[in-house]
Amino acid sequence: MKLGTIIRSYTLASMRAERPTADQRAWRAVLAAAEVGYRAGVAVRAWTFLGGLRTVRRLPCPVICVGNLTMGGSGKTPCVIALADWLRARGHAVGILLRGYGRHDSGCAVVSDECGERGSWQRVGDEAVLIAQCLPGVPVVVGGNRFGAGRELLRRFRLDLLLLDDGFQHRHLHRDLDLVMLDATDPFGGGRLLPRGRLREPISALRRAHAIILSRTDQAADLSSLRQRLGGIVPGIPVILSRHRPSRLKEFCSNRIVPLAELAGRRVLALSGLASPEGFHRTLMDLGAVLAGSMVFPDHYAYAPDDILHAQERAENVAAQLIVTTEKDAVRIPIVEPGDMLARRLLVLGVVLEITEGQDALEGLLRGCVGKACG
């Protein structure tokens, strides 16, 4: 495991520990000191945009941004997929822009809907590959310069509007609609800025949003208090409720569809590299699975063959009948030989974003952007 991965894992464990060790307390103090500098940098950056000292560039079509306040785990990717499906169903040509987090290459790269072979995620990022797999025919481009990536997408395809994935902090690109995702189970990342907490910006940055989309509201401990707090922070801004509904289960090796009911009563080992694995574990248990154990890796973790062998050994040690991972993780797992015992035991769980409250408000905002595209 790389040094950076080890440091991120230890940092996350230190931040989340209810009873931190002496070493973890010392590391928290170091992180708190660094947070002061980060806060100052964020404030200066925000001031330069407000004062017009930084250039905001416009693309020649509407841009809808799906972002968040915290580092990972809020459900942006399922939201982008759901929005693209909604727009396509109404006859609109949509493209998707991503930074391509975790990719090994630099520059702009267009991801074709055939980009599903193992290993392609290292060139364009796991989220880009997953989106391309879920949205065949929708152009997807990755690049650190989202304006340049958008221009390349519009040069190659006839599109009505663009979806910007994870771009709330990328203020160099003008957006016509800013949708901010918050995980209802941990909306503010511990309430501290990076690196002490998981907040990218102060909570007050939500005032730039046109709407808040709360994810995993079915798993929230106190949803009413959260809604009340948001009402004080962003009064008058729509707050839309959603959940991640399990939609498909398939074998990793063969892609054969397996009924979701297959998990009921089965002992399962959960395998994931996510920012917030707790939601995945809860989903498995809600489907009736018995969580025999879990293997949790850092977000966007690059699985090695040894990790998969270790997962198989761990499953045997805890008497797990199945190993279940997420679709995003499956993109990063090395290929398994069809005859391998693991190939028959490793299942991939997919979810879709389901709006449970506020559908009309969200569709009204989307129609407003569509109107600009058609005007």
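Preceding block: the structure.
Residues numbered from 1 in each chain as written. Predicted model: local features only at pLDDT ≥ 70, side-chain atom pairs only at ≥ 80, totals over all residues. Heavy atoms only, no water.

## Here's the deal with the side chain of R146
Argument step 1. Position of R146 among the secondary structure elements: in helix α6 (residues 146–156).
Argument step 2. Look at R146: it is buried, it has no salt bridge, and the nearest opposite charge is D166 at 6.3 Å.
Argument step 3. In terms of polar contacts, R146 uses its side chain to reach the backbone carbonyl oxygen of G144, at 3.2 Å.
Argument step 4. Excluding residues within four positions of it along the chain, R146 makes contact with L97, L98, R99, L164, D165, D166, H170 and L173. (Helix = DSSP H or I, 4+ residues; strand = E, 2+ residues; numbered from the N terminus. Buried < 20%, exposed > 50% of the residue type's maximum accessible area, 1.4 Å probe, protein only. Lys, Arg positive; Asp, Glu negative; His and termini not counted. Salt bridge = Lys/Arg side-chain N within 4 Å of Asp/Glu carboxyl O. Polar contact = N/O pair within 3.5 Å; in protein donor to acceptor, adjacent residues only side chain to side chain. Contact = heavy atoms within 4.5 Å.)

## Here's the deal with the pairing of strand β7 (residues 211–215)
Argument step 1. Of all five residues in β7, five are buried; the element is thus mostly enclosed.
Argument step 2. Sheet analysis places strand β6 (residues 177–183) next to β7, joined by five bridges and oriented parallel. For M181, the partnering residue across the bridge sits in β7 and is I213.
Argument step 3. Here β7 pairs with strand β8 (residues 239–251) via three bridges, running parallel. Bridge assignment links I213 to a residue of β8, and that residue is I240. (Pairing = 2+ DSSP bridges.)

## Observations concerning the packing of aromatic side chains
One pair of aromatic rings is described through two measures. These are the centre distance and the angle between the planes.
Argument step 1. Taken as a whole and judged by the stated rule, the model has three aromatic pairs.
Argument step 2. Between the aromatic rings of F297 and Y303, the centroid separation amounts to 5.2 Å while the plane-to-plane angle is 75°, which identifies the pairing as edge-to-face. Each member of the pair, F297 as well as Y303, carries the same accessibility label: buried.
Argument step 3. Grouping aromatic residues by their ring pairs yields a cluster made of F297, Y301 and Y303. (Phe/Tyr/Trp six-rings, centres within 6.5 Å; stacked < 30°, edge-to-face > 60°.)

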